[in-house]
Structures are given as C-alpha cells and as structure tokens.
Amino acid sequence: MLTPSATIPTQMTFFSRFESDILAGKKVITIRDESEKNYQPNSIVEVSTLEEGRWFCRLKIINVEPIQFDDLNEFHAQQENMTLTELKQVISDIYPGIKQLYVIHYQLVE
C-alpha cells in the first residue's frame, strides 16, 4: 500500500556482485526492508550499482509482498540464485536483527 506522502520509487540499487545474475535472469527477486516497500507493480525502475552508482539495466516491478525473515524458504533462495543459508546470511548482514521484510519480484526489461 502506498501512503499518501510516499512517492513511487523510480530507481533501485544492487550490490555490484549481483549484476551478472540480474542480467542473466538468474536473480528475479530482491528482499528489502520497510524503507523500500513502495515499489509499484508495472512500474519501471532504473537500476545501478550501490558502490559506484553505475547504471546497468531497467527492471519492471511485478509485485511487492511482505514476508517475515523466518518465513524465507528454498524457493526464495532459488529466486535469489543462492542457497537458503547464503540468503539468510546476506539479509542478516545487510539488515541485522530485522524480522519484517518485503519481497520485490521483478523482470528484466530488454
């Protein structure tokens, strides 16, 4: 749900280590915290690397759904192109102690 004061994001960043998986269509979701839950289905976002701010693609947002950290499963890990153990470790490193997350499904815009 978009709150009245929230704006629809038009940009998204990823760690550069995920760029090749995104471009190859192997990574089709991202899991973010509440600050990034306002992406809207059918919107197109410009994507760049977090480290350098280098643009590398456009993504179409398919949907955004809330999820609890403890409910992450093997299917989420497959969509992230990693093991469940790796996924939970990456999320814990980025968002230590967080329980409420948001799965953002997307597809590469050719």
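Residues numbered from 1 in each chain as written. Predicted model: local features only at pLDDT ≥ 70, side-chain atom pairs only at ≥ 80, totals over all residues. Heavy atoms only, no water.

Caption draft 1: Layout of the environment of Glu74. Relative to the elements of secondary structure, Glu74 occurs in helix α2 (residues 74-79). The class for Glu74 is partly exposed, based on a relative accessible area of 47%. It is 9.1 Å that separates the C-alpha atoms of Glu74 and Thr85, two residues lying eleven residues apart in sequence. (Helix = DSSP H or I, 4+ residues; strand = E, 2+ residues; numbered from the N terminus. Buried < 20%, exposed > 50% of the residue type's maximum accessible area, 1.4 Å probe, protein only.)

Caption draft 2: Main features of the sheet that holds strand β4 (residues 55-68). Strand order in this open sheet of five strands is β1-β3-β4-β5-β2, and the pairing throughout is mixed. Here the strands that pair on one side only, and so sit at the sheet edges, are β1 (11-14) and β2 (29-32). Averaged over all pairs of adjacent strands, the angle between strand axes in this sheet comes to 40°, irrespective of strand direction. (Pairing = 2+ DSSP bridges. Axes fitted to C-alpha atoms, helices over the stretch in contact; angles between N-to-C directions.)

Caption draft 3: Highlighting the packing of aromatic side chains. All chains considered together, the criterion is met by two aromatic pairs. Plain terms: the ring middles of Phe14 and Tyr106 are 5.9 Å apart, the flat faces sit at 70° to each other, and that makes the pair edge-to-face. With Phe14 in strand β1 and Tyr106 in strand β5 (residues 100-108), this residue pair connects regions lying 92 residues apart in the sequence. Exposure class is identical for Phe14 and Tyr106. Each is buried. Over the aromatic face of Phe15 sits the side chain of Arg17, whose NZ or CZ is 4.9 Å from the ring centroid. The ring of Phe18 is capped by Lys27, whose NZ or CZ atom sits 4.9 Å from the centre of that ring. (Phe/Tyr/Trp six-rings, centres within 6.5 Å; stacked < 30°, edge-to-face > 60°. Lys NZ or Arg CZ within 6 Å of the ring centre and 35° of its normal.)

Caption draft 4: View of the nonpolar core. Counting 27 residues, the largest nonpolar core has Met12 and Leu59 as its most contacted members. Sorting the residues of this core by element identifies β1, β2, β3 (44-49), β4, α3 (84-94) and β5 as the ones contributing at least two each. Ignoring anything within four residues of it in the chain, the contact list for Leu59 reads Met12, Phe14, Ile22, Ser43, Ile44, Val45, Val47, Tyr106, Gln107, Leu108 and Val109. (Core = buried A, V, L, I, M, F, W, Y, C linked by side-chain atoms within 4.5 Å. Contact = heavy atoms within 4.5 Å.)

Caption draft 5: Representation of the pattern of salt bridges in the model. Under the defined criterion, the tally for this structure stands at five salt bridges. The shortest N-O distance in the salt bridge between Lys37 and Glu34 comes to 3.4 Å. Of the residues examined, Lys37 reaches a relative accessible area of 26% and is grouped as partly exposed. (Salt bridge = Lys/Arg side-chain N within 4 Å of Asp/Glu carboxyl O.)

Caption draft 6: Representation of the side chain of Glu80 in the model. Relative to the elements of secondary structure, Glu80 occurs in the loop between α2 and α3. Judged by its relative accessible area of 4%, Glu80 falls in the buried class. Among the polar contacts made by the side chain of Glu80, one reaches the main-chain amide nitrogen of Ile31 at a distance of 3.5 Å. Residues within four places of Glu80 in sequence aside, it is in contact with Lys26, Lys27, Ile29, Thr30, Ile31 and Leu87. (Polar contact = N/O pair within 3.5 Å; in protein donor to acceptor, adjacent residues only side chain to side chain.)

By themselves these figures say nothing about function.
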